[in-house]
Amino acid sequence: MSTPTVHLSGVGKRFRGAVALEDLDLSLRPGITGLLGPNGAGKTTLLRILATVLKADNGTVSLLGRDPNAPDERTDIRRRLGYQPQELGFPRGFSSFAFVNYMAVLKEWSETRTRQAEVRRVLAAVGLADIATKRISRLSGGQRRRVGLAQALLGAPDLLVLDEPTTGLDPEQRASLRQVLAEIATASTLVISTHQTEDVAALCERVIVLDEGRVHFDGPVKDLVARAAGRVWLADDAEPSAQTSWRTASGGYRNVGASAPAGAELVEPTLEDAYLLLRGTRSSESEAVTA
Amino acid sequence: MTARARDDGQLLSALSDGDMGAMQTLYERHASWLSVRLSRRCNDREVVADVLQDTFVAVWRSAARFRGEGDVAAWLWGIAIRRLVSRLQSRQAVIVMSDLPEDPSRSTLAAEEQVLMGIEYGDLGKAMSRLSPEMRAVVQATVLDGLTTREAARLLGLPQNTVKTRLHRAKAQLRASLTEGSS
Amino acid sequence: MSQYHVAPEDLHDWVRGGSGSIASMSVEQHVARCQDCRSDVAALVASAPTHAVPDLADVWSRVRDEIELPPASGFERLLARLGLPSSDATLVAAASSWRGPWLTALCAALVFVAAAAAASASDSSAGTSLFLLVAPLVPVFAVALAYGPEASGALEQESTVPYPLARLVFLRTAAVLIGSVPVVVLVGLFLPGRLSWLWLLPAIGFTSTVLGLSVWVSPMRAAEGITLGWVAAVACAVRFSTVMAVLDGRYLALYCVLLIAGPITLIVGSRRFGTIGRIT
C-alpha cells in the first residue's frame, strides 16, 4: 500500500475558544475527494490546514510525506501545492494575467519566458485566455473564481486544495471545470469543498462529510449512496414519518426517511438523499470507513 | 469561426476592454496588408517587423481613443506609417522608392496600369503616370499616406523644402493635366 | 461601396513587390477600404512568404508578450536599473497601488513641516519639535501602508507559496523606503546640528519594529501603536525638558536595539509560523 498523500491524525483547531475541528482522522490518496458539510462545519479550516495556511493546534499532519510544522519541509510541500481560497484577494488594478504572473513569481518561476508560457497555459485551461488582460475588478464572480483556480494550477501541483471552486458558476462552466479537474486528478490528489452534492456525485470518488468539526462519513461515494437504499420513496403526499420530503416535478412527493413504509414505491437514491439522511440522523459515533 | 463575425469597430471596443481574442482577430485581419504596404516603403525586414509590433502595441494601448471616426483600416495605417517615420529617424534603413525601370517588355503592363488607374482615379491616374517618379513619391507620401511634409521628408530622406517644392510642382502639373484633359 | 475589386494578378504583383508605383498606389488606396481584398492579401501572404514581409506569427507573439503585462512603471524601471531582477520587480509592483495616495500624503506632510520649520526660524524649537514628531513616523507609515502581504490583497494565497515571506516583506519595504526616505532626509538637512540626521535612528528603529510586530499584528495596527507611543514621548520631552531629550544617549541605544530586533523577529517568526499576519 503506497503512503497516502495526506494523513491527519487526531487533528484539532480552535479559534478564540470555539472549536473548529476536533479529533480529525483523515487519509487521502491520488484522485478527487469531495468535502461536504454545512456552513461552519470546519471545511475551510480543514482546507487551510491542508494548504499550510493554518497550523493545527494538536494532532499530527503529514502532507506529501512531509511535516508542515518544520519550516524547510513546509517549503517543500508548498512547491508541490496549489490552493484556491474561497475569496480571491488580489492587488488593485491587476489583470488576471498580471495576477497569475505575480503568483507564478512567488511559486519560484523566475525565468520570464517559461513563466509567461505557464501563465498562459493555466489561464487557457480555465477558459480565461481571451480576457486575461482585463482587470480582475471588472470580472464577474464566476470569472474571478476561475482566476483563483488558474493560480492554483500553476506548476501542476501534486496536492490541489480547492475551496468551493464551483460556487457562482453556471452549469456550463461547472461542466467545463469538471473536465479540467478530471484531467488533473489522474496524477494528483485533489480535495474540493462544495455545497453542491451534484458536483461530488459527478466528480469525486470519495467523499468526506464534515459537521461541527468532526468527520461523519469518509469513504467512497457509492458507499454513502448505498446507505440510502430502501429509504427513498415516492408517494402522493408528504409522509409524516419521513425525515424530509419535497414535491417533485411530476406532482408526487419524494420522501427520504429512516425506513420506507411497507409497499411504498422505492426509487434509486441520489447522493443528495444520502447526504440529507446522514445530516438528519446526526449520528454521534463517527463512522470512518477508510477504503 | 462565429456565425456573425465582429466588424473592426466592435473589435476595437472589445480589445480596449482587455479582450485578447479580439486583438488577435484584428491582427490577423490587418497585419498582412499593413506589412506589405510598409515593406514597399522600407525594404529592411527587421524594421518592418518592429514597426508592425509597435503599431499593434499602440493599438492595444490607445484603442479607446478611436471613437469611431472614420475607417479603422485608415487609422491603423496612420499609426503604422508614423511609427515607420519615427523609426527611420533614428536608424539608417534603406528606403526603396517603389518603382520599376521602364521596361519595353512591360509595355502591355503599362496599358493595364492605365486601365487600373482609370477605374480607380479616372483621368487623375493618367495625369499621375505623367509625373516623374520623384514627384509621384512625394504625392504618395503626403496625399495618399497622409503624412505632413516634415514626416514625408523623413520618410524619403529629403530636405523638407525639397518635398514642398516637389509637391507644389506636382500639384501644378496634375492640375494642368486635368484641365487639359477635360477640354 | 463599389463592386470594384483588385484583379488577382495585380494583387499578387503588389504583394510580391513587383508592381509599378502607379499600380501599387491604386491597389493600396483600394485595399485600405476593402475588407475582401484585405482577406485576399492575408491569404496570399500566408500561402507563400515574401522576403520583404516579416514572419507575422512571430511578430504576433512579440506583440502579445508586450501587452499581456502592463507596462512597467517608472519606479519599476528604476529598480531594474538598480540591479533588481525583473521577477522581484514584479513582486514590488503589487504594492504599488498604494503609492499614489501615499506619496500625496507624504508630500503634503512634508510641505507642512518645512513651512512650520521655516516659520519658526528665529525660535527653532517649535519647528524642531514638529519635525522630530513627524519625520520618524514617515517611513513607519510608508512601510505599514505598502509592504505587507495584506497590502497586496492576496494574503491567503501568499501564505501557500514556497517564496520566503520575510524576503517578500523586505523587498517591498526597501522599495517603499527608497521612495520616501530621501525626501525626508532632504528636508532634514535644513535643520540645525545633529538633528538633521539623528532622527533617522528612531525612524529606522520604529520601521524595524513594525516589521517585527507584523508576525503577530497587522502593520497598520503596529504603526498606530508606535505613533501613540512616540507622540506621548515627544510631548513629555517638550513638557519636562527639551524636545531633544528623545535623542538622548540611552534612547539612542533603545532605537538601535529596535533596529536590530525587528528584522530578526520577522525572519525567525515567519519561519516558525509559516505565515505573516492574521488569517481568521
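Residues numbered from 1 in each chain as written. Chains lettered and ligands numbered in written order. Predicted model: local features only at pLDDT ≥ 70, side-chain atom pairs only at ≥ 80, totals over all residues.

Caption draft 1: Molecular detail of the overall build of chain A. Helix and strand content of chain A: nine helices and 14 strands. For chain A, the C-alpha radius of gyration of 21 Å lies close to 19 Å, the compact-globule estimate for 291 residues. The principal-axis extents of the C-alpha atoms in chain A amount to approximately 70 × 40 × 40 Å. Of all intrachain contacts in chain A linking residues separated by at least 6 positions in sequence, the fraction that spans at least 24 positions is 66%. (Helix = DSSP H or I, 4+ residues; strand = E, 2+ residues; numbered from the N terminus. Rg over C-alpha atoms; globule rule 2.2 N^0.38 Å. Contact = placed C-beta atoms within 7 Å.)

Caption draft 2: Looking closely at the interface of chain B and chain C. Contacts between the two partners involve 40 residues from chain B, matched on the other side by 32 residues from chain C. No other element matches helix α2 (residues 20-39) of chain B, which puts eleven residues into the side of chain B that touches chain C. Residues belonging to the side of chain B that touches chain C are distributed by class as follows: 20 nonpolar, ten polar and ten charged. (Nonpolar A, V, L, I, M, F, W, Y, C, P; charged D, E, K, R; others polar.)

Caption draft 3: Expanded view of the sheet that holds strand β2 (residues 18-28) of chain A. All names here are of chain A. Ordered by their spatial adjacency, three strands build an open sheet running β2-β1-β4, and the pairing between neighbours is antiparallel. Of all strands in the sheet, those bounded by a partner on one side alone are β2 and β4 (58-63). Strand-to-strand, the axes of this sheet are offset by a mean angle of 25°, without reference to chain direction. Pairing of strand β1 (residues 6-15) with β2, which is carried by seven bridges, proceeds in the antiparallel orientation. Bridge assignment links R14 to a residue of β2, and that residue is V19. Where helix α1 (residues 43-50) meets the sheet, its contacts fall on β1, β2 and β4, and the angle it forms with β1 comes to roughly 125°. (Pairing = 2+ DSSP bridges. Axes fitted to C-alpha atoms, helices over the stretch in contact; angles between N-to-C directions.)

Caption draft 4: Broad picture of the environment of K222 of chain A. Residues and elements named next belong to chain A. Along the chain, the position of K222 falls in helix α8 (residues 221-226). Judged by C-beta crowding, with 13 C-beta atoms within 10 Å, K222 ranks as partly exposed. Separated by 49 residues in the primary sequence, K222 and L271 place their C-alpha atoms 8.2 Å from one another. (Buried ≥ 20, exposed ≤ 12 C-beta atoms within 10 Å, placed from the backbone.)

Caption draft 5: Structural detail: the packing of helix α5 (residues 74-81) of chain C against helix α6 (residues 86-93) of chain C. Residue and element names in this part refer to chain C. Running from N to C, α5 and α6 cross one another at 145°; their axes reach a closest spacing of 10 Å. In the crossing of α5 with α6, the sense of the turn from one axis to the other is right-handed. Here α5 contributes E76, L79 and A80 to the contact with α6, which in turn contributes S86, A89, V92 and A93. For the contact of α5 with α6, the per-class residue count stands at five nonpolar, one polar and one charged. (Left-handed = near helix turned anticlockwise from the far one by under 90°.)

Caption draft 6: Main features of the pairing of strand β10 (residues 232-235) of chain A. All names here are of chain A. With four bridges joining them, β10 and strand β12 (residues 253-256) adopt antiparallel strand pairing. Counterpart to L234 in the pairing with β12 is R254. Alignment of β10 against strand β13 (residues 265-266), held across two bridges, turns out to be antiparallel. Within β13, the residue paired with W233 across the bridge is L266.

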